[in-house]
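Remarks on the overall topology
Chain by chain, the residues:
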Amino acid sequence: MTTDLRVPEELSARVPAEQREPGLDRDAVRLLVSRGTAVSHHAFAELPRLLRAGDLLVVNTSPTLAAAVDGRVGHARVVVHFSTRGDDGRWAVELREPDGDGTTRARAGARTGTGVRLPGGGRLVLEEPLSRAGERLWWARTAADVRGVLREYGRPIRYSYTERDQPLSVYQTVFALPSADGAGSAEMPSAARPFTARLVAELVSRGVQFAPITLHTGVSSAEAHEPPYAERFAVPEASARLINNVRAIQEEREALPCKGGGGRRAGGRVVAVGTTAVRAVESAAGADGVVRAAEGWTELVVTPGRGVRVVDGLLTGLHEPEASHLLMLEAVAGRAAVDRGYEEALRGLYLWHEFGDVHLVLPEEEPHTEHCASNSL
């Protein structure tokens, strides 16, 4: 990503699409489509006609938690962002401080042994930094029922570019499913937010398939764009089978000439909805590109050097130029396509962040591909 690319503050989406004007729904956002360096502009509601029968959308079913809780360190007010529950019962947390405008800012001074009083009488103690790379996130221990604390006292995490607190329902996607153990994402898997039940039904009616996976996202950083750390994920057997079937048909059709002339017959494409879906499905893929049912923790960081083995396309939000997510986008689309897409997004005044517009990256079309695809529907 070009280093001189800057996102003006006025391009931050401050409220959800459905709150901008009466009568709007979640899908009232714009959709930038990149095929290589070719870019086109659409409404998100046009997605069903931009995809085709046989395409497969990989969607994250993780629900969003009310992961921000007020607390105190001594006499100082803090806000605890609960990120991830470890296998040993500890939680990865970030301590922030109120900024006076209803949101928070980074807080310095965390150290081993720092105690935080939680609402309801619980106490949290910082034990060690999550990573040697920094001390923003800490492993902390508490005897409190954290998920009970979140249900009773928590609110969704939000950052200063948003206008006001929103109910938790605003941060749930149409694909979110409650987890049996109460687990979920500290921050919304936001690429799926514009989907509505109506739009999903239309996609299904046009032959687009869905493969659900789960990846519980941790706390990102509004100030320091860090590589993603370990997150819990699951790719079920049925979804692995769907993905492998689409890829097998794709390979079979690529080997066959189109009816009526040159070019190759187009097969379905595996399109991940969000970087979380990419991380999960690529974590379940072997070196042979075959996806196998898997669950546990993933530390995979998808970069241009590593590349992708499964994903053909990606539907994602617009990320800050310094964000580590852009390395994943570059792995899927290539540097030139990412640069071109983001230049067009800025020129077109697209809106950024979780309530903003979205970017669909598809493979570059080869000659005659559209003709072949239409013959195969």
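Sequence positions are assigned chain by chain, starting from 1 and proceeding in written order. For this predicted model, a pLDDT threshold of at least 70 governs which residues receive local features, and a threshold of 80 or more governs which side-chain atom pairs are given and counted, while totals over whole chains, interfaces and linings are taken from all residues. In computing side-chain properties, one takes all heavy atoms of the structure into account and sets aside hydrogens as well as water.

Moving on: the overall build of the protein chain. Helix and strand assignments come from DSSP, with helices taken as H or I runs of at least 4 residues and strands as E runs of at least 2, each series counted from the N terminus. For the protein chain, the count of helices and strands is eight helices and 16 strands. To sort residues, take the accessible area from a 1.4 Å probe on protein chains only and compare it with the maximum for the residue type: under 20% means buried, over 50% means exposed, and anything in between is partly exposed. Residues counted as buried form 52% of the 377 residues belonging to the protein chain. A separation threshold of at least 6 residues defines the contact pool for the protein chain, and within that pool the share at least 24 residues apart is 70%. Contact between two residues is taken to exist if any of their heavy atoms lie within 4.5 Å; hydrogens are not considered.

The pairing test for Phe, Tyr and Trp rings, Trp by its six-membered ring, is centres within 6.5 Å, and the orientation test on the planes gives stacked under 30 degrees, edge-to-face over 60, and tilted for anything in between. A complete count under the given rule lists seven aromatic pairs for this structure. Between Phe82 and Trp91 the ring centres are 5.8 Å apart and the planes differ by 90°, which places this aromatic pair in the edge-to-face class. In this structure Phe82 comes out as buried when scored by relative accessible area, which is 1%. Relative to Phe355, the ring of Tyr171 lies with its centre 5.5 Å away and its plane at 50°, an arrangement referred to as tilted. Of the two residues, Tyr171 is situated in the loop between α2 (146-153) and α3 (197-205) and Phe355 in the loop between α7 (335-347) and β16 (358-362); the sequence distance between them amounts to 184 residues.

Overall, the predicted model of the protein chain reaches an average pLDDT of 89, with 89% of residues at or above 70. Scored below 50 in pLDDT, residues 260-265 shows 20 contacts in the model against residues more than four places distant or in partner chains. pLDDT is defined as a per-residue confidence score from the predictor, taking values between 0 and 100. Counting contacts from residues 373-377, a segment whose pLDDT is below 50, to residues more than four positions away or on other chains yields eight contacts.

Turning our eyes to something else, we now look at unusual backbone geometry. In the Ramachandran plot, Leu349 falls in the positive-phi region, its phi being about 60° despite a non-glycine side chain. You can see Leu349 is positioned in the loop between α7 and β16. A relative accessible area of 54% places Leu349 in the exposed class. Phi at His353 takes a positive value of approximately 80°, unusual for a residue other than glycine. Looking at the element boundaries, His353 is found in the loop between α7 and β16. Given the relative accessible area of 17%, His353 is considered buried.

Each axis is a line fitted through C-alpha atoms, taken for helices only over the stretch in contact, and angles between the N-to-C directions span 0 to 180 degrees. Running from N to C, helix α6 (residues 325-333) and α7 cross one another at 120°; their axes reach a closest spacing of 7 Å. The orientation of α6 with respect to α7, classified from their angle, is oblique. Contacts from Leu326, Leu329, Glu330 and Ala333 of α6 reach α7 at Arg335, Ala337, Val338 and Tyr342. Three classes are used, and their members are as follows: Ala, Val, Leu, Ile, Met, Phe, Trp, Tyr, Cys and Pro are nonpolar, Asp, Glu, Lys and Arg are charged, and the others, Gly among them, are polar. Of the residues assigned to the contact of α6 with α7, the class counts are six nonpolar, no polar and two charged. Here the word oblique covers every angle except those under 35 degrees (roughly parallel), over 145 (roughly antiparallel) and from 65 to 115 (roughly perpendicular).

For the rest of this paragraph, the subject is the pairing of strand β2 (residues 38-43). The side chains of a regular strand alternate, first on one face of the sheet and then on the other. One requirement defines pairing of two strands: DSSP has to find at least two bridges between them. Where strand β1 (residues 30-35) and β2 come together, six bridges link them in antiparallel fashion. In the sheet register, Leu31 faces β2, and the bridge partner there is His42. Connecting the antiparallel pair β1 and β2 is a turn made up of two residues, with Gly36 showing a positive phi of about 65°.

With respect to the helices and strands, the residue Arg158 is situated in the loop between α2 and α3. Of note is the side chain of Arg158, whose polar atom sits 3.0 Å from the side chain of Thr162. Distance and chemistry together define a polar contact, namely a pair of N or O atoms within 3.5 Å, with one atom able to donate a hydrogen and the other to accept it when in protein, and with adjacent residues in sequence counting only for side-chain atoms on both sides.

Before going further, it helps to examine the sheet that holds strand β14 (residues 294-298). Pairing within the open sheet is mixed, and its nine strands lie in the order β2-β1-β16-β15-β13-β3-β11-β12-β14. Two strands bound the open sheet, and with one partner strand each, they are β2 and β14. Taken pair by pair, the neighbouring strands of this sheet meet at an average axis angle of 20°, ignoring direction. With five bridges connecting them, β1 and β16 associate as parallel partners. Its bridge partner being in β16, Ser34 is matched across the sheet by Val361.

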